[in-house]
Structures are given as C-alpha cells and as structure tokens.
Number of protein chains: 2
Amino acid sequence: MRPSELRALSAQGQFDQPTAGYCNGYIQANMIALPEAYAADFERFCQENPKPCPLLEVIGPGATRSKHLAPGADITTTIPRYRIWISGECVAEVKEIGAYYREDLVFFLLGCSFSFEEALIQAGISLRHVTKQKNVAMYRTNLPLTPAGIFRGKMVVSMRPIHCSKVAKACLITGQYPEVHGEPVQVGYPEMIGIKDLSAPDYGDPVAVKEGELPVFWACGVTPQNVLLKAKPEFAITHAPGYMFVGDLKNEAYAQR
Amino acid sequence: MRPSELRALSAQGQFDQPTAGYCNGYIQANMIALPEAYAADFERFCQENPKPCPLLEVIGPGATRSKHLAPGADITTTIPRYRIWISGECVAEVKEIGAYYREDLVFFLLGCSFSFEEALIQAGISLRHVTKQKNVAMYRTNLPLTPAGIFRGKMVVSMRPIHCSKVAKACLITGQYPEVHGEPVQVGYPEMIGIKDLSAPDYGDPVAVKEGELPVFWACGVTPQNVLLKAKPEFAITHAPGYMFVGDLKNEAYAQR
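(A) Main features of the overall build of chain A. A count of helical and extended segments in chain A gives 6 helices and 11 strands. At 17 Å, chain A has a C-alpha radius of gyration in line with the 18 Å of a compact globule built from 257 residues. Principal-axis analysis of the C-alpha atoms places the extent of chain A at approximately 55 × 40 × 30 Å. When the 257 residues of chain A are sorted by exposure, 55% land in the buried category. At a minimum sequence separation of 6, the contacts of chain A that also span at least 24 residues come to 77%. Across chain A, 25 positive and 26 negative side-chain charges occur, with their mean positions spaced 5 Å apart.

(B) Region of the structure containing the nonpolar core. Counting residues in each nonpolar core, the largest one holds 86 residues, and the members touching the most others are Met31 and Ile237 of chain A together with Met31 and Ile237 of chain B. Residues in contact with Ile237 of chain A, not counting those within four places in the same chain, are Met31, Ile32, Ala33, Tyr82, Arg83, Ile84, Trp85, Ile97, Tyr100 and Leu105 of chain A.

(C) Highlighting the packing of aromatic side chains. Residues and elements named next belong to chain A. For the coordinates displayed, the defined rule picks out 14 aromatic pairs over all chains. For the ring pair Phe45 and Phe151, a centre distance of 6.2 Å and an interplane angle of 45° mean the geometry is tilted. A residue pair is termed long-range when its members are at least 10 positions apart, and Phe45 in helix H2 (residues 36-48) and Phe151 in the loop between strand S6 (137-144) and strand S7 (154-163) qualify at 106 residues. Overall, Phe151 belongs to the buried group, its relative accessible area being 0%. Through pairs of rings, three or more aromatic residues link up here, namely Tyr38, Phe42, Phe45, Phe108 and Phe151. Lys250 extends its terminal NZ or CZ atom over the ring of Tyr26, reaching a point 4.7 Å from the ring centre.

(D) The side chain of Arg128 of chain A, seen in detail. Residue and element names in this part refer to chain A. For Arg128, the position within the fold is in helix H4 (residues 128-131). A relative accessible area of 15% places Arg128 in the buried class. The contact partners of Arg128, leaving out residues within four places of it in the chain, are Pro161, Val207, Ala208, Val209, Lys210 and Glu213.

(E) Layout of the confidence of the model for chain A. On average, residues of chain A score 94 in pLDDT, and 100% of them reach the 70 mark or higher. Interface confidence in the predicted complex, given as ipTM, is 0.84; pTM for the same model is 0.88.

(F) The arrangement of the interface of chain A and chain B in detail. Taken together, the contact pairs 21 residues of chain A with 21 residues of chain B. At the boundary of chain A with chain B, total buried surface from both sides reaches about 1,600 Å², with 71% on carbon and sulfur atoms. Interface area lost by chain A to chain B is led by Cys164, Leu172 and Tyr189 of chain A, which between them contribute 32%. Linking chain A with chain B are 0 salt bridges. Viewed at the interface, chain B and chain A are joined by 6 residue pairs in polar contact (both at pLDDT 80 or more).

(G) Molecular detail of the packing of helix H3 (residues 114-122) of chain B against helix H5 (residues 167-175) of chain B. All names here are of chain B. Running from amino to carboxyl end, H3 crosses H5 at an angle of 135°, the nearest separation of the two axes being 9 Å. When the axis of H3 is compared with that of H5, the two are oblique. By crossing handedness, the relation of H3 to H5 is classed as right-handed. Together, Phe116, Ala119 and Leu120 of H3 and Ala170, Ile173 and Thr174 of H5 make up the contact between the two elements. Of the residues that constitute the contact of H3 with H5, the class distribution is 5 nonpolar, 1 polar and no charged.

(H) Looking closely at the environment of Arg102 of chain A. Residue and element names in this part refer to chain A. Residue placement: Arg102 occurs in the loop between strand S4 (89-94) and strand S5 (105-110). Placed 70 residues apart in sequence, Arg102 and Ile32 show a C-alpha to C-alpha distance of 14 Å. Excluding its chain neighbours within four sequence positions, the residues that come into contact with Arg102 are Pro35, Glu234 and Phe235.

(I) Expanded view of the sheet that holds strand S6 (residues 137-144) of chain B. Residues and elements named next belong to chain B. One open sheet accounts for 4 strands, arranged S6-S7-S9-S8; its pairing is antiparallel. Across the chains shown, the open sheet's two edge strands, defined by having one partner strand only, are S6 and strand S8 (186-187). With 5 bridges connecting them, S6 and strand S7 (residues 154-163) associate as antiparallel partners. Bridge pairing in S7 places Arg140 opposite Val156. Seen against the sheet, helix H6 (residues 223-231) touches S6 and S7 and runs at an angle of roughly 150° to S7.

(J) Structural detail: helix H5 (residues 167-175) of chain A. Of all the 9 residues making up H5 of chain A, 7 are buried; the element is thus mostly covered by neighbouring parts of the structure. All buried positions along H5 of chain A are accounted for by Val167, Ala168, Ala170, Cys171, Ile173, Thr174 and Gly175 of chain A. Residues of H5 of chain A that are buried in the fold lie against helix H3 (114-122), S7, strand S8 (186-187) and strand S9 (213-219) of chain A together with H5 and S8 of chain B.

The rules behind these values
- Residues numbered from 1 in each chain as written.
- Chains lettered and ligands numbered in written order.
- Predicted model: local features only at pLDDT ≥ 70, side-chain atom pairs only at ≥ 80, totals over all residues.
- Heavy atoms only, no water.
- Helix = DSSP H or I, 4+ residues; strand = E, 2+ residues; numbered from the N terminus.
- Rg over C-alpha atoms; globule rule 2.2 N^0.38 Å.
- Buried < 20%, exposed > 50% of the residue type's maximum accessible area, 1.4 Å probe, protein only.
- Contact = heavy atoms within 4.5 Å.
- Lys, Arg positive; Asp, Glu negative; His and termini not counted.
- Charge placed at Lys NZ, Arg CZ, Asp CG, Glu CD.
- Core = buried A, V, L, I, M, F, W, Y, C linked by side-chain atoms within 4.5 Å.
- Phe/Tyr/Trp six-rings, centres within 6.5 Å; stacked < 30°, edge-to-face > 60°.
- Lys NZ or Arg CZ within 6 Å of the ring centre and 35° of its normal.
- pLDDT = per-residue confidence, 0-100.
- Buried area = accessible area lost by both parts, 1.4 Å probe.
- Salt bridge = Lys/Arg side-chain N within 4 Å of Asp/Glu carboxyl O.
- Polar contact = N/O pair within 3.5 Å; in protein donor to acceptor, adjacent residues only side chain to side chain.
- Axes fitted to C-alpha atoms, helices over the stretch in contact; angles between N-to-C directions.
- Parallel < 35°, antiparallel > 145°, perpendicular 65-115°, else oblique.
- Left-handed = near helix turned anticlockwise from the far one by under 90°.
- Nonpolar A, V, L, I, M, F, W, Y, C, P; charged D, E, K, R; others polar.
- Pairing = 2+ DSSP bridges.

Below, the structure is given as structure tokens:
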C-alpha cells in the first residue's frame, strides 16, 4: 500500500489498525496538536529535548495540511486513530476529529523509531518485537527533560535487546538518524535510569533479553504524551499510540551519512 | 614537541620511551616490516581484516622513506624502539635497525587507537588507563581472522570501561575513524569472545570496570604481532609495543564525518 492510499482509507474510516508494517520505507510520525497559546512553549520544549521529541514539521494555526512530510495531506483526517485530551486526561479515542477541531490548533509532527528499525533490520540486526509481532517495550525513566513553560517531566525510552557483537553497529546505524531519536541514550543498566523490571514495560509488550544480549535504550516518541499527563493543557489531540501519521518521504531521506 | 622533533631525537637515539602522550593531535602508527616474499600476502591479510589491521601506508621494497604519513621520514631510524623477529621469535629489542636492514624489506604502517582516544577524551569520555597513566588493557580473543598465505590467527582487542550512558557516544565517535580500528567489535560480554579474566590482560595493564560501566572491546593493532608468532616468517621487524611511529598528519584527518 502506498502512503497516499493508507491516508485516504484512514480519512474514509476504512483503515483502523496500527500502522507498523505498512508502507515500508516511508516515514511515520508521532502527532501532537495544541492550542496556539501553548505552541511556542511546546516547540521550545522539542528543541530543548530533541532526542525524545525530534520535530519534523509544524502545521497551523489556521492550517491543517502538511507541506513537508506529505504535501497536501490533511492532518485532521489522515491518521487512523486520534486521542482527545482535556486537562491532561485522555477522554476519547476517535477515528476522526471533526467534532473537536479548533481554529487555533497547532499540529506538531515528531520523528518515530519505526524509521531506524527498518535500517537496523536491513543491516542484519533482527528485532525481537518485530519477529514476534509485538509492540516495542517502552518504559518511563528518571532521565530529566529540559522544561519549557508548562512542559516538563521525564523521558520515556524504548528497549530493544541487541546481541553484544552488534551493539556498536546498532549505535552507528541509529546515530545516522538524529531526526528520529538517533543513537541510544543508555546501554545495559536499566536500574540506573529508574527501570525496576524489564519484564513489565509501562507501554507496549515485554520481550526477553537473552544470554549474550544487552538491553539497549532509545529515546521514545511517547515522551510527549507522558509530558501531557503532567502539563495538563486544557486541550490537546494526539495520535493513538501505534496509529501513526504516514508521510510521503522515505526514511532514507533522514539518514545522515 | 613536534612530530619531526620526536623523530629526529629518535633517530639520534635520544628519545627512548613510549610515545603515548607526545605530539598530541598527530597520528601514531603501528609498524611491521617483512621481506618482499611475504608482502603481497600480508597486504591481502590487512585488506581482509581491516578492523585490527587498518593499512595506512606501505613503503618499499628498496625504499625506507614515508611519502604519506610523514613525507621524507626514514622509517628505519625514526621509531624510538624496534623489535627483531626471526622465525616467529622476538630475538632483540633495539633503538636502530641498521644492522638488520635488508634491501627486500617492505614496511607496513597500520592505524592505532591512540588516534580515536583523543577524540573520545575531547567528547568528555574519560579513559581510565589514560587518567591512571597505564597502558591500555589488551586481550587475545577467539575472534577468527580471515587468513592470507601464512598469516592467520585470532584477533587481539583492547578494552576500555565506558559508562552505560556514554557507550553509544563512544561507538559513534570511534566509528568515525574506520582507518584506526573504528567502532567496537563487542560490548559487555568478555567470556563470549574467549576472555576468561578481565583483570589479567595478555598485554598492557589491567583497569577496573566499575558499577554502571561496561567493558567495551575494540580491534587492536597488536593483532599482527600476535599473528607473527604463529606465521613464523623467517624475518620481520616491528615497532616495540607503545613505541610508535609518529606522523605529520593530524588524527582529525582520519575522521569521516
């Protein structure tokens, strides 16, 4: 399926599943929309914390169509599923946001690790959550973020078990994608970043870390949703976890070689 | 001290100590000289095993002066200390090789990790063997090398303890120096590459690996000396470990960004 087809089906309410595994090779993005009053602070928050919040495109206020990631695509209809947030609480998960749309909304599209996972797999580094068809394991940490306005909190990380002979290669490959989280933030010591039990992730599904493997931690695009819980802006819209915006740009366009 | 001064003092027999810590910023190289009959095989061996044997320059036969690393420098006099090998046995360690020189010798200059250590330290990754003023810890491993002619054997690695929050950065930085061993070959599991006891290195000095750190292993330029022990060519000359050839090129010239 081409990205434009997936987006068209989403807009018609006919594509309603996680986007992982669809449109291979094309960039997928996290989305967060905030009233204009919060936008400057949130943009600065992203700039101060580029590893968990790598900003790819900003749309609006007063506009809803992408110019960069997927020129012409309407961000209010082409994501398969959205979450509506009131004062830091997720109050609804919906297939279209027409009833919630406000003229003052600013839409932020943030990089997603799906982009570098493809590069890892192509380099012969198999990812257990992909082969087992699970969602990647994600954890809240004690790694502080630089605050901006009401936006503050701790980083969420994703974890992938990597064989000890491939850790360096995995660092090099993901380091080539600074706009989609980049290289790992930590290797091998979950407890030092406040993760007590690897088998009990805060989001996603657990995977085994086998003998000869190390748990490797990357900054995760779920971080801003975790920040929303604390910042409690009066209103926000996000994509639903796993139901991403699919762009027309190729992942490889984000590789710096 | 400038590299040309260190080489001039070496040629006069007045510099007789390990070169680590001298001529900061300038490339240092491992040297191995073999009779022409072995040269093609050894060059192929280096090409097949570029991580432990990164070939920087080949000089001779019938010539002894560098054209690339230090134009004009005579390789037979400007290294502080040499080792003479007969049939795989080190028979002498000398300050000049006049008495052993043969017209058919081919000199190979190979990259050395001193080059990337400087970049690591500049990036805020402190190296315990440097702060403790010790030689880096080196170990024989079970990692096989691709054979060429009589040259075969296992890789020697150097180990540096790196904090778990800086492992990825250390991989990225050293990965920018493919001609001086590049990124690590393994992270965190010494026993899986045949290292039984980290506190008993085969060459160099042991350093502690502390809580929150991982032992990180890089391919090491001592590998060819280990290969000589097995290949037993009738004759060879090398630098003495730690007493390197110091070139006029800057380490940064070897960074690929």
